[in-house]
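Given next are the chains, with one letter for each unit.
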Amino acid sequence: MLVRPSMERGPAKISVKELRTGTLYAKDLEVAIGRLAMEEEWEPMGPTPMPSLTTLRSWDRKLLSRYTPFYMPFCDLCCLCTYGKCDLTRGKKGACGLDLRTQQARIILIACCIGASTHTAHARHLVHYLLEKYGPDYPINLGTEIEVEAPHIRLVTGIRPKTLGDLAHVLNYCEEQITHSLAATHTGQEGDYIDYESKALHVSMIDHVAMEAADIAQVVGFNFPKGDPNAPLVESGLGILADTTKPVVLLIGHNVCAGVELVDYIRKAGLGEAGTSVEVAGICCTSHDITRYTSKAKIIGPISYQSKFVRSGIADVVVVDEQCIRTDIPSLAASVNTPVIAVSEKVCYGFPDVSDEPVDRIVDMLVTGKLKGALILDLEKAGAVAALTAIRIAPLRRKFKAIPDVEKVRELASPCTYCHRCRRNCPSDLPVSDAVNAAKQGVLDKLADLHDVCLGCLRCESECPQKIPILSLMEAAAQHKIKTEKYKVRAGRGPILDTEIREVGSPIVLGEIPGVVAYVGCANYPGAGRDVGEMAYEFAKRGYIVVASGCSAMSIGEYRDEEGRTPYEAFPGVFDRGGLVNVGSCVANAHISGAAIKIASIFARRKLRANYEEIADYVLHRVGACGVAWGAYSQKAASIATGYNRLGIPVIIGPQGSKYRRLYLGRVEDVASFETYDARTGQKVYIGPAPEHLVYIAETKEECMVWTAKLCMRPNDTTKGRMIKLTHYIDLYRRLYGRLPDDLPLLVRTEADVPITFKDEVMDFLKGRGWKPAEVPSIDPTLLERLIRVRK
C-alpha cells in the first residue's frame with residue numbers, strides 16, 4: 001500500500017456579522033461547511049478550544065514566574081541570518097535586536113518544533129495508512145473500561161474523537177499550530193524570551209495531542225493491547241538471536257506500519273508466526289510496537305544498540321522507517337553484506353525508488369548485491385521483499401555472522417599507536433585507547449568491559465587515524481557476555497484504564513500513594529540501562545506507581561534483582577501502588593501525561609473539554625507525578641518534557657540532558673513565587689516548594705532518586721500523605737548524603753507531617769533550625785483567580 005499525505009482539512013467556516021434579505025434578518029451568523037459530527041455537545045465547551053499561540057500565554061507566565069528559565073548557552077553567537085555571525089556576549093545584541101537569553105529561548109522553541117513536527121508527521125502517516133485500509137468511519141473503541149479515550153485531544157481541542165477520520169481533523173489543528181510556532185523563530189519575529197518559552201510550551205502541548213492521536217490510531221487499527229495490565233512478556237536483549245540459524249529481519253525506527261506488513265506477509269505465505277521460520281526483531285520504538293502486534297517478535301534494545309547489532313552481522317535484512325535511526329546504517333550494513341530497505345519518505349538514504357518494481361525483481365537485486373539498499377514506499381511490498389530477501393540471502397551470509405577470535409582481534413588492534421584520539425573523541429570519556437592498546441597484547445578484558453558503557457556512537461572509529469574497527473573489537477571481546485543478555489519486557493499496554501484511575505485517584509491526590517514516576521525517553525547514558533532499571537525497581541518496591549515508555553522501558557528490562565528477575569517479572573503491570581507499567585513506544589508517552597489529566601477529570605470531576613488552565617493548575621498542585629528522562633537525547637525528548645511541564649509535571653533529566661541548555665528552576669528564597677490562592681477563601685497562602693522545580697538536572701542516579709521523591713510532593717498532600725512522602729525522601733537522602741535534608745523546614749508544614757520513624761531526630765533538627773508550623777496549610781491551592789469561590 002502506497003501511502004502519501006493528503007491535505008484534507010476541517011470544516012470551512014463563513015462568518016457574517018449581519019445579514020438582511022427580504023425574508024431574513026440575522027446577526028453574527030456562522031456557516032460551517034464540512035465535517036461537523038465531532039462538534040457534538042458531549043460536555044459544555046470550555047474556555048480554550050483549539051488554543052492559538054497566545055490563548056494560554058497567561059498560564060505560561062504564571063508558571064514561568066515561579067519556575068524561571070535558566071540558560072546555559074553552548075554558543076554565544078547567532079548565525080541564523082546573513083548578518084551573522086552576531087556576537088551576543090556581555091549584553092550585546094545581534095543585528096536583529098535579540099540578546100543572548102532570547103536567542104537561547106528561540107533555539108529551545110526550534111528544538112520543540114522539530115520534536116512536535118516529528119511526532120505529528122508520524123501520526124499523520126499512521127492515520128492515513130489506516131484510513132486507506134479501513135476508511136474514515138472506523139470507530140475508536142478502546143474497550144469497556146476506557147470511556148475517556150483521548151484526554152489530551154478532549155482537553156486541548158474540545159473534540160471527542162469517535163473515528164479515525166476525527167483523528168485526521170485533530171492533526172489538521174496540530175499541523176497549523178506547529179507552523180505558526182516555527183514561523184515565530186524567523187528573523188524579525190518574537191523578541192521576548194518568556195514569550196518564546198510560552199510558544200515552546202504551546203507547541204510541546206501540541207506534541208502530546210499528536211502523540212495521543214498516533215497511538216490511539218495504531219491501538220485500534222492494529223488491535224494492540226487496550227490498557228491490558230497483563231500484556232505478555234516478550235523477549236529482549238542483544239543475546240536473544242546470537243545463536244539463531246533462522247533468517248533475521250531487523251526493524252529500526254518508530255513507525256511500525258512496515259513491520260506489521262512484514263508479519264502479515266509471513267503469516268499469509270504460510271511461514272507461521274514471526275519467529276517460526278523468520279525472526280522479526282526490532283531496535284528502538286518500532287520494536288515496542290511490533291511486539292504489541294505479535295508477542296513472538298523480539299526487542300533487541302534501545303537506540304544505542306543500532307551500530308552494535310548491525311555490525312554483528314546477525315541481521316540478514318534491515319528495514320528502516322523513521323526517527324532516531326543512525327544516518328550511517330547503509331554503510332554499517334554494507335560492511336556485513338546486509339541489504340537495507342527504507343520505507344519512509346523522510347529517510348531515503350539515496351537509494352533508488354523501486355516501489356513500482358515487481359517483488360521478485362527487487363529481491364533478486366538485493367540478494368545478488370546489485371542493490372545495497374532500496375527505497376520501497378509501498379509498505380505491503382516492502383514487507384514481502386524483506387521476508388523473501390532474508391530467506392534467500394541468509395545462507396549466503398553465514399560467514400558474516402562469524403565472531404572474530406582472539407588472534408583476529410589482536411591482529412585488527414595491532415596498528416594502534418596509542419595516540420588517545422579515540423578517548424578524546426568519546427562523549428563519555430571512556431578509556432578506549434587503553435582497551436585497544438591492551439588488545440594488541442591479546443588482553444581483551446578492557447575491551448569487553450567497555451561493552452556495557454559504550455553508547456555505540458562510533459565517534460572513536462571516525463577519529464582513529466589507523467581505521468581500527470573499535471566497536472567491532474569491543475563486541476567480539478564481549479561475546480560471552482552478549483550471549484547471556486536475554487531479558488523480558490512486558491509488551492506496551494497502551495492507555496491507563498478509567499477503572500484504574502478511579503481506584504488510585506484519591507490516594508494519589510492525598511499523597512497516600514507517594515507518587516507516579518515516569519521513566520521516558522532515549523538511552524543516551526553510559527552504563528546501558530542499569531541505572532534506569534535500578535531506579536524503576538527501587539520506586540516500584542517503595543510503592544510508587546512506575547510507568548515507562550520508549551527506550552527507557554527497554555532499559556528497565558535489562559536489570560535483574562537478587563532473584564534473577566527483571567522488574568517486569570517482579571512487579572505487576574497495573575497502574576496501582578507498586579505497579580510497573582510499560583505503555584509502549586514514544587508516542588504512547590501521551591498516555592502517561594493523559595493519566596494525570598484523567599485523575600483531574602475522572603476522580604476530581606473537573607470539566608475536561610477545552611479547559612486546559614484549570615486541569616494543568618489541578619495537576620501542578622495535586623497530582624504527585626515526576627518524569628525522569630535519564631538519557632534524553634533528541635529534539636523529541638525536548639518537546640515531550642516541555643509538554644509535561646505545561647501540564648504542571650516536573651521532569652528530571654540526566655547528565656547528558658544538560659546539553660539542552662535550559663532548565664525551569666524555582667527559587668526557594670523567593671517566598672512570594674510559592675504563594676497561591678486558597679480557592680475556598682481567596683487568601684494568598686504559602687505552599688512551600690512543592691514541587692520546587694519543573695526541569696532539573698541530576699548528575700547521578702542516587703541524586704536523581706532523591707529528587708524524584710522530593711518532586712512528587714504537592715501542597716495538597718494530607719498530613720498522612722506528606723508523612724509518607726517525607727519518609728521516602730529522608731530515607732533516600734540519608735542513603736546518599738548520610739544526614740537529614742537541609743530543606744526539611746520548607747517541606748514539613750506541621751508536626752503531623754513528620755515521619756514516625758524519624759520523629760525525634762527530625763523534630764530536634766527542626767527546632768535547631770527555628771522551624772515553626774504553618775498557620776494555615778492550604779488545601780485548595782490554585783493560581784487561577786477565576787477559581788476562587790469566596791472573595792474577600
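Residues numbered from 1 in each chain as written. Predicted model: local features only at pLDDT ≥ 70, side-chain atom pairs only at ≥ 80, totals over all residues. Heavy atoms only, no water.

Visitor: Help me understand the overall build of the chain in this model?
Guide: Along its length, the chain carries 29 helices and 23 strands. Its C-alpha atoms give the chain a radius of gyration of 27 Å, near enough to 28 Å, the size a compact globule of 792 residues would have. Across its three principal directions, the C-alpha atoms of the chain cover 85 × 85 × 60 Å. Counting over 792 residues, the chain shows a buried share of 61%. Partitioning the intrachain contacts of the chain with sequence separation of at least 6 by distance along the chain shows that 75% fall at a separation of at least 24. Averaging the locations of the 97 positively and 95 negatively charged side chains of the chain gives two centres separated by 2 Å. (Helix = DSSP H or I, 4+ residues; strand = E, 2+ residues; numbered from the N terminus. Rg over C-alpha atoms; globule rule 2.2 N^0.38 Å. Buried < 20%, exposed > 50% of the residue type's maximum accessible area, 1.4 Å probe, protein only. Contact = heavy atoms within 4.5 Å. Lys, Arg positive; Asp, Glu negative; His and termini not counted. Charge placed at Lys NZ, Arg CZ, Asp CG, Glu CD.)

Visitor: Where do I start with a nonpolar patch on the surface in this structure?
Guide: A cluster of nonpolar side chains, namely Val671, Tyr686 and Leu746, defines an oily patch on the protein surface of about 220 Å² accessible area. Position of Tyr686 among the secondary structure elements: in strand E21 (residues 684-686). (Patch = residues over 30% accessible without salt bridge, like charges linked within 9 Å, V, L, I, M, F, W, Y side chains within 5 Å. Areas by Shrake-Rupley, 256 points an atom, 1.4 Å probe, with all protein chains shown as cover. Salt bridge = Lys/Arg side-chain N within 4 Å of Asp/Glu carboxyl O.)

Visitor: I would appreciate a short explanation of the nonpolar core in the present structure.
Guide: Note on soluble globular proteins: their nonpolar side chains tend to be buried together. Residues Phe222, Ile300, Ile341, Tyr519 and Phe575 are the most contacted members of the largest nonpolar core, which totals 259 residues. Setting aside its immediate chain neighbours within four residues, Tyr519 contacts Val532, Met535, Ala536, Phe539, Val546, Val547, Ala548, Ser549, Ser552, Ile556 and Val628. (Core = buried A, V, L, I, M, F, W, Y, C linked by side-chain atoms within 4.5 Å.)

Visitor: Help me understand the pattern of salt bridges, please; the structure alone is not making it clear to me.
Guide: Charged atoms that come close allow side chains of opposite charge to pair. A complete count under the given rule lists 53 salt bridges for this structure. Linking Glu461 and Arg311 is a salt bridge whose minimum nitrogen-to-oxygen distance equals 2.5 Å. Residue Glu461 is located in helix H16 (residues 459-463), and its partner Arg311 is located in helix H8 (residues 306-312); the two are separated by 150 residues in the primary sequence. Classification of Glu461 by relative accessible area gives buried; the value is 13%.

Visitor: I tried to follow the pairing of strand E20 (residues 675-678) on my own but got confused; where do I start?
Guide: Side-chain direction in a regular strand flips from residue to residue, so the side chains alternate between the two faces of the sheet. Pairing of E20 with E21, which is carried by 3 bridges, proceeds in the antiparallel orientation. Residue pairing for E21: Glu675 is matched across the bridge by Tyr686. In this antiparallel pair of consecutive strands, E20 and E21, the connection spans 5 residues, and Gly682 shows a positive phi of 80°. Bridging between E20 and strand E23 (residues 781-782) involves 2 bridges; their strand directions are antiparallel. Bridge assignment links Tyr677 to a residue of E23, and that residue is Thr782. (Pairing = 2+ DSSP bridges.)

Visitor: Where do I start with unusual backbone geometry in this structure?
Guide: Glycine aside, negative phi is the norm for most residues, and most peptide bonds take the trans geometry. A cis amide bond, omega 5°, links Gly84 with the succeeding residue Lys85. Along the chain, Lys85 turns up in the loop between strand E4 (77-78) and strand E5 (86-87). With an omega of 0°, the peptide bond between Ala690 and Pro691 qualifies as cis. Considering the arrangement of structural elements, one finds Pro691 in the loop between E21 and strand E22 (695-697).

Visitor: Just checking my understanding: could you explain the packing of helix H10 (residues 359-368) against helix H11 (residues 379-393) for this structure?
Guide: Relative placement of two packed helices is described by the angle separating their axes and the distance separating the axes. The interhelical angle for the contact between H10 and H11, taken along N-to-C directions, is 45°, at an axis separation of 9 Å. Taken as axis vectors, H10 and H11 run oblique relative to one another. Taken as a pair, H10 and H11 cross one another with a handedness that is right-handed. Residue-level inspection shows Val359, Ile362, Val363, Asp364, Leu366 and Val367 of H10 in contact with H11, the latter providing Lys381, Ala384, Val385, Leu388, Thr389, Arg392 and Ile393. For the contact of H10 with H11, the class distribution of residues is 9 nonpolar, 1 polar and 3 charged. (Axes fitted to C-alpha atoms, helices over the stretch in contact; angles between N-to-C directions. Parallel < 35°, antiparallel > 145°, perpendicular 65-115°, else oblique. Left-handed = near helix turned anticlockwise from the far one by under 90°. Nonpolar A, V, L, I, M, F, W, Y, C, P; charged D, E, K, R; others polar.)

Visitor: Please explain the packing of aromatic side chains as it appears in this structure.
Guide: By convention here, two paired aromatic rings are described through the distance between centres and the angle between planes. In this structure the tally under the stated criterion is 13 aromatic pairs. Centre to centre, the rings of Tyr71 and Tyr193 are 6.2 Å apart; their planes meet at 75°, and the pair counts as edge-to-face. One end of the pair, Tyr71, is in strand E3 (residues 67-71); the other, Tyr193, is in helix H5 (residues 193-221), with 122 residues separating them in the sequence. With respect to class, Tyr71 is no different from Tyr193; both count as buried. Measuring from centroid to centroid gives 6.0 Å for Tyr129 and Phe222, while their planes differ by 55°, and the two rings are tilted. On the criterion of sequence distance, the pair formed by Tyr129 in helix H2 (residues 100-134) and Phe222 in the loop between H5 and strand E6 (233-236) is long-range, its members being 93 residues apart. Residue class for Tyr129 comes out buried when judged on its relative accessible area of 0%. (Phe/Tyr/Trp six-rings, centres within 6.5 Å; stacked < 30°, edge-to-face > 60°.)

Visitor: So what exactly am I meant to see when it comes to the state of the cysteines here?
Guide: Each disulfide consists of a covalent bond between the sulfur atoms of two cysteine residues. Taken as a whole, this structure holds 0 disulfides when the rule is applied. Between Cys285, a cysteine without a disulfide, and Cys586, which holds the nearest cysteine sulfur, the sulfur-to-sulfur distance is 3.4 Å. With no disulfide of its own, Cys522 lies closest to Cys324 among cysteine sulfurs, the gap being 5.7 Å. (Disulfide = S-S within 2.5 Å.)

Visitor: Help me understand the sheet that holds E20 in this model?
Guide: Within a sheet, each strand pairs with its neighbour through backbone hydrogen bonds, oriented either parallel or antiparallel. Across the sheet, which stays open at both edges, the 3 strands sit in the order E21-E20-E23 with antiparallel pairing between neighbours. The open sheet terminates on both sides in strands that have one partner only, identified here as E21 and E23.

Visitor: How do you make sense of the packing of helix H20 (residues 530-541) against helix H26 (residues 701-711) when you look at a structure like this?
Guide: Look at H20 against H26: their axes get within 10 Å of each other, and the N-to-C directions meet at 35°. When you trace H20 past H26, the crossing you get is right-handed. Of the residues in H26, those in contact with Asp531, Glu534, Met535, Glu538 and Phe539 of H20 are Lys701, Cys704, Met705, Thr708 and Ala709. A breakdown of the residues in the contact of H20 with H26 according to their chemical character gives 5 nonpolar, 1 polar and 4 charged.

Visitor: Which parts of the structure should I look at to understand the pairing of strand E10 (residues 317-320)?
Guide: Of the two faces of E10, the one carrying Val317 and Val319 and the one carrying Val318 and Val320 are both buried. Pairing analysis gives 4 bridges linking strand E7 (residues 248-252) to E10, with the strands arranged parallel. Bridging across to E10, Ile252 finds its partner in Val320. Of the pairings in the sheet, the one linking E10 to strand E11 (residues 340-342) comprises 3 bridges and is parallel in character.

Visitor: What should I look at first to understand the side chain of Lys598 in this one?
Guide: For Lys598, the position within the fold is in helix H23 (residues 589-603). Residue Lys598 is classed as buried on the basis of its relative accessible area of 3%. At 3.3 Å, the side chain of Lys598 forms a polar contact with the backbone oxygen of Val148. Other than its neighbours up to four places away in sequence, Lys598 contacts Ile146, Val148, Pro151, Ile496, Leu497, Asp498, Ile501 and Phe603. (Polar contact = N/O pair within 3.5 Å; in protein donor to acceptor, adjacent residues only side chain to side chain.)

This is a description of form; function is not addressed.
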